[in-house]
Amino acid sequence: MAREKVITSGPGDEQKKHDAALRPKLLKEVIGQRKVAERLEIAVRASKKLNEPLGHILFDGPPGLGKTTFATVLPNELGTSLQMTSGPALAKPADLLPFLTNLEEGSVLFIDEIHRMPRVVEEFIYPAMEDFRIDIVLGEGMSARTISMTLKRFTLIGATTRSGMLSGPMRDRFKMHEHLEFYSVDELATIATVNAAKLNTPITSQASLELARRSRGTPRVANSRLHWTRSFAAAQHDGTITEEVARAALDMAEVDRDGLDKNDRKYLETLIDLYGGGPTGVEALAATINLASDTLSDEIEPYLLREQYITRSPRGRVAMPRAYSALGKLPPAPKPKPDDKQGSLFE
Ligand SMILES: Nc1ncnc2c1ncn2[C@@H]1O[C@H](COP(=O)(O)OP(=O)(O)OP(=O)(O)O)[C@@H](O)[C@H]1O
């Protein structure tokens, strides 16, 4: 049976449309990630002053934290154009050619999920990144010859949820590596307030905080909770999102008070009820929940790990006391240590 690979914060088509509408256009509109934004501001200023393209940048971090947002904001700041593609769409070097030949001086090429690019494409892109040149092989066998083509100077922006899967040579060719972290409740509340205004929806500050507390530290999740709450407020109330309306809407969506959703709870229930709290491997968990293991490790686990619902040991995932209390269960009593005298034969 094919395993489902959708979940918590992965964007569907509808969500992508909403994301694009709510996306900040300039660095000063980006909320949170201040250190990253400050470094990028300097890089942009330097690029303009030196009249050089921005150095290649790699963004990594869990989905929905703003990698695409930064990639779209930077060309706006530089006043240049942007082309977007993704690792899985680039099966062979020829798939990359149209993007490289369409480059303008100083423009940006964004490759999402860059860790999924096959090695042969990766190797093809190295000279483009280093010397703004590509080598194209024409013909086959004995008559094959290589021609070198010069490209416009450009900036490659890569985004990955798995920087560990990128090869060393690929990683080294990026001048800047920026890791995006989960957002604080206050930052997410600001995002909810700003985005509600963009959607012409009145929202109270308490309601923004409630949405923020229940958004798994992730702006994309905050946006989708906001959209649902907005629909709920319009259908069931007068359209204003108050704290009470936000609570009722999120309860109805089965998002609990800590922001965990159905899939988070299914994960924790499986780990605790079926695997005795672990340790257990991600593959076993994925097979039981019937989700792809990538979905678990890229989308569900980073937040559960950060919030200490689970921990990772060499033997697999282990449920922490917080996971038990989130499900209203008692954590198991600690096992007696081997040198514990209690019940010993020598007593
Ligand atoms: N720092 C931010 N400030 C304001 N809004 C943000 C910020 N980061 C993300 N968002 C909002 O969250 C949405 C999702 O972010 P984005 O698509 O950039 O995430 P991502 O990390 O690229 O995710 P993925 O890798 O899954 O594509 C954006 O459309 C935007 O509305």
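As annotated in an unreviewed UniProt entry, the protein carries the name Holliday junction branch migration complex subunit RuvB and comes from Gemmata algarum. The Subcellular location (unreviewed entry) comment attached to the protein in UniProt states, word for word, "Cytoplasm". The record in UniProt for the protein states the following under Sequence similarities (unreviewed entry): "Belongs to the RuvB family."

Across all of its chains, the model carries four aromatic pairs by this definition. A centroid spacing of 5.7 Å and a plane angle of 75 degrees characterise the contact between F132 and F154, whose relative ring orientation is edge-to-face. Residue F132 is found in the loop between α5 (119-131) and β4 (133-138), and its partner F154 is found in the loop between β5 (145-150) and β6 (155-160); the two are separated by 22 residues along the sequence. We note that F132, like F154, is buried. Here the aromatic rings of W228 and F232 are separated by 6.2 Å at their centres, their planes lie at 50 degrees, and the arrangement is tilted. In this pair, W228 and F232 both sit in helix α9 (residues 219-236), four residues apart, roughly one turn of the helix.

Another point: the nonpolar core. Counting 50 residues, the largest nonpolar core has L40, F59, F70, Y267, L268 and L296 as its most contacted members. When residues no more than four places from it in sequence are discounted, the contact partners of L268 are L260, L304, Y309, I310, A323 and L327. Counting 25 residues, the second largest nonpolar core, distinct from the first, contains L100, V121, M129 and L151.

It is worth spelling out the sheet that holds strand β7 (residues 176-179) at this point. Strands sit in the order β2-β3-β6-β1-β7 across an open sheet of five strands; the sheet is parallel. With partners counted over all chains shown, the strands left at the sheet margins are β2 (82-86) and β7, one partner each. For this sheet, the mean angle separating the axes of adjacent strands, direction not counted, is 15 degrees. Both strand β1 (residues 57-60) and β7 contribute to a ladder of four bridges, which runs parallel. Along β7, the bridge assignment pairs D60 with H179. Across the sheet, helix α2 (residues 34-50) lies against β1 and β7, angled at about 155 degrees from β7, the strand it touches most.

Conventions we followed
- Residues numbered from 1 in each chain as written.
- Predicted model: local features only at pLDDT ≥ 70, side-chain atom pairs only at ≥ 80, totals over all residues.
- Heavy atoms only, no water.
- UniProt positions renumbered as here; feature names shortened; annotations may be inferred.
- Phe/Tyr/Trp six-rings, centres within 6.5 Å; stacked < 30°, edge-to-face > 60°.
- Helix = DSSP H or I, 4+ residues; strand = E, 2+ residues; numbered from the N terminus.
- Buried < 20%, exposed > 50% of the residue type's maximum accessible area, 1.4 Å probe, protein only.
- Core = buried A, V, L, I, M, F, W, Y, C linked by side-chain atoms within 4.5 Å.
- Contact = heavy atoms within 4.5 Å.
- Pairing = 2+ DSSP bridges.
- Axes fitted to C-alpha atoms, helices over the stretch in contact; angles between N-to-C directions.

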